[in-house]
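Per-entry structural report
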Amino acid sequence: MKIDYTDLYPLLKNTALEPWIEQLPERIARGLRHERHGHLPEWEAVLAALPLVEATSPSLTRRSDVPVAYTATTPHPTNFFDPKEQTAHLVGNLPHWRQDGCLYFVTFRLADSLPSGKLNDLRIEKETWLKQHPEPSRDSPDHSGWQREYKTRFQDRIEKWLDAGHGRCILRPPEIRRVAEQALHHFDGDHYRIDSFVVMPNHVHVLVAPLKQYTLSDIVKAWKSYTAHVLVSRFGIAAPVWQKEYFDHIVRSPEHLEKFRTYIIDNPKRLARLCDEAVASTKSPLVEATSPSLNSTCDEDVASTKSPLVEATSPSLARRSDVPVASKNNASTNPNIELKHEVRIDGPEIDGLADQLKVFHPWRKGPFHLHGIHIDTEWRSDWKWDRVLPHLQPLEGRAILDVGCGNGYHCWRMLGEGARLAIGIDPSLGFVCQFFAMQHFIRDSRAWVLPLGIEDLPPAPGAFDTVFSMGVLYHRKSPIEHIEQLCSFLRPGGELVIETLVVDGPEGYSLIPHDRYAKMRNVWFIPSVPTLELWLKRCGLKNIRTVDRCATSTEEQRSTDWMTYESLPDFLDPADASKTIEGHPAPQRAVIIADA
């Protein structure tokens, strides 16, 4: 489990959101690096350690022991090898070509990934062959033929041995594989640029271009050093972890690049074809394959996709933990996952899971029910949803944007109503991690939470059928500008839903706290209902209606074991619950709906 948005981009193709495909990766990366709200690296480590659990529906099974190849959503411009430019030729156990700005196909492997007897025989054979066939100069017409023969005799044979799954294959379990994946992603865009990679059970393939002053050898050394340290210290893997040497090939042409990309993407397919049949017959659909010998056949189509959230199309795939399922997931088909009436994932209790989830404290929106754990959040967000839902246009098949979504609780409820796509945005990384913790168990590719504020979103005129802003408006210094931003994402005839604090008063009146409201510094305008309706009208919205208004109770917002900070009871005047501790009117909330 890691924070990865790769699978979102295919869902945006051929929609009004397609322009986001090129703009979102950089903005999301910037959002994930923003640590004002918490420490993402620690949270990602907890996400990576979330347990694999038994899936109960073929449509939700992810065959997790075979990796999915990563490919950059928007390939960067590539410099190819130019024989006219200055080239370094490094010689160790293997020849290495170097040229500034080029892309390299790199393979590095575990220490026990190749049988020692075969390796020794190959080394002797290679030394003998090189003495008899010294490498011609790169300008020689014989050089390309020499390279092809060298590759066929030595490198291709090693690739076949790697694919056969020799050694302990310690990278097979997902939680260990993610350590290597996170290491590869860590300095992507800073020290190097990754085009594609795949982490196989006993080796890693990467297409990478060094940047600035960083050399390929330093980059690979850093990957191997970091992952070895983590695997030894955290997982008790015996050292040495990696073989000292690694293979690299300089990319010479667009055809050469496509060949390497295809090879990386096809690696999981080859492993899928070799998967142990015993794994397919196990009762647990997400059990780890424990045999390093991979002998029998799996369905080829499963590993052919780049997406880890995919649909199993064969009953035999529902019981395989070792191959990633390729599908658009629909959690509503799983009787153990309920999203319509609540967010509930049934299953056996998991030791230590509650402690893992509490690392993401505070849990503000919910509640969630997960494998016997009741995540009793600060807000009874289900009560708010019950007040809003009866007044909405049907959400079936709609694309929805939820601004300030927190941990995405309402996005799950939107899927329960049949939404085609529910994208939430929230700049708080803790809430983003809470969403991905739930996604780890629900696995529905229709729901996403992006670590962004509305001002960080790329333009997408008319992209959404429904836009929600619940509990956000009073935090904005320019509420009318916020309404206009919301409208900019709505298609004509689409529906805007605003839920916000309100006060009693005539049209034109707003409460502007001198300092704090209910101990919150970031409350700027709390309008009267007529004022809010006027704002919407001035923004060009139609059919404006206030569908609900109620006081916020201490049963709906309060401290719990999952949110131990102060909450509404601490924000009210202890002598007069109709006032906040500052003397303002106690919180009232209204739901206003309008059409674009």
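As shown above, the structure is provided for reference.
Description of the structure in this document. (Residues numbered from 1 in each chain as written. Predicted model: local features only at pLDDT ≥ 70, side-chain atom pairs only at ≥ 80, totals over all residues. Heavy atoms only, no water.)

1. What to know about the sheet that holds strand β1 (residues 70–71)
This is how it is decided: Two strands are said to pair when DSSP picks up at least two bridges between them. A run of H or I in DSSP counts as a helix once it spans at least four residues, and a run of E counts as a strand once it spans at least two, with each numbered from the N terminus. Throughout, a residue-residue contact means that at least one pair of heavy atoms, one from each residue, lies within 4.5 Å. Note on geometry: axes are lines fitted to C-alpha atoms, helical ones only across the stretch in contact, with angles between N-to-C directions running from 0 to 180 degrees.
As summarised here, the arrangement of the five strands in space is β1-β5-β6-β4-β7, forming an open sheet in which the pairing is antiparallel. At either end of the open sheet lies a strand with only one pairing partner, and these are β1 and β7 (247–250). Sheet topology note: the strand β4 (residues 104–109)/strand β6 (residues 203–210) ladder contains six bridges and is antiparallel. Residue pairing across strands places Phe 105 opposite Leu 207, the latter belonging to β6. Those strands touched by helix α6 (residues 174–186) are β1, β5 (192–199) and β6, and its axis lies near 165° from that of β5. Running over the sheet, helix α7 (residues 216–235) touches β4, β5, β6 and β7 and is turned about 35° from β4.

2. Re the sheet that holds strand β10 (residues 368–370)
Taken together, the four strands give an open sheet; going across it, the order is β8-β9-β10-β11, and neighbouring strands pair in mixed fashion. If you trace the sheet from one side to the other, it starts and ends with β8 (337–338) and β11 (373–375), each paired once. As paired strands, strand β9 (residues 344–345) and β10 are joined by two bridges and run parallel to one another. Counterpart to Ile 345 in the pairing with β10 is Leu 370.

3. Considerations on the pairing of β6
Applicable threshold: With a 1.4 Å probe rolled over the protein chains alone, any residue whose accessible area is under 20% of its type maximum counts as buried; one over 50% counts as exposed, and the rest are partly exposed.
Counting buried positions along β6 gives eight out of eight residues, so the element sits mostly inside the fold. Across the two faces of β6 the burial is the same, with His 203, His 205, Leu 207 and Ala 209 and Val 204, Val 206, Val 208 and Pro 210 all buried. Here seven bridges tie β5 to β6, and the two strands are oriented antiparallel to one another. Looking at the pairing, Tyr 192 lines up with Pro 210 of β6. Remark: three residues form the turn of the hairpin made by β5 and β6, two consecutive strands paired antiparallel.

Functional significance is not addressed by these values, which are geometric in nature.
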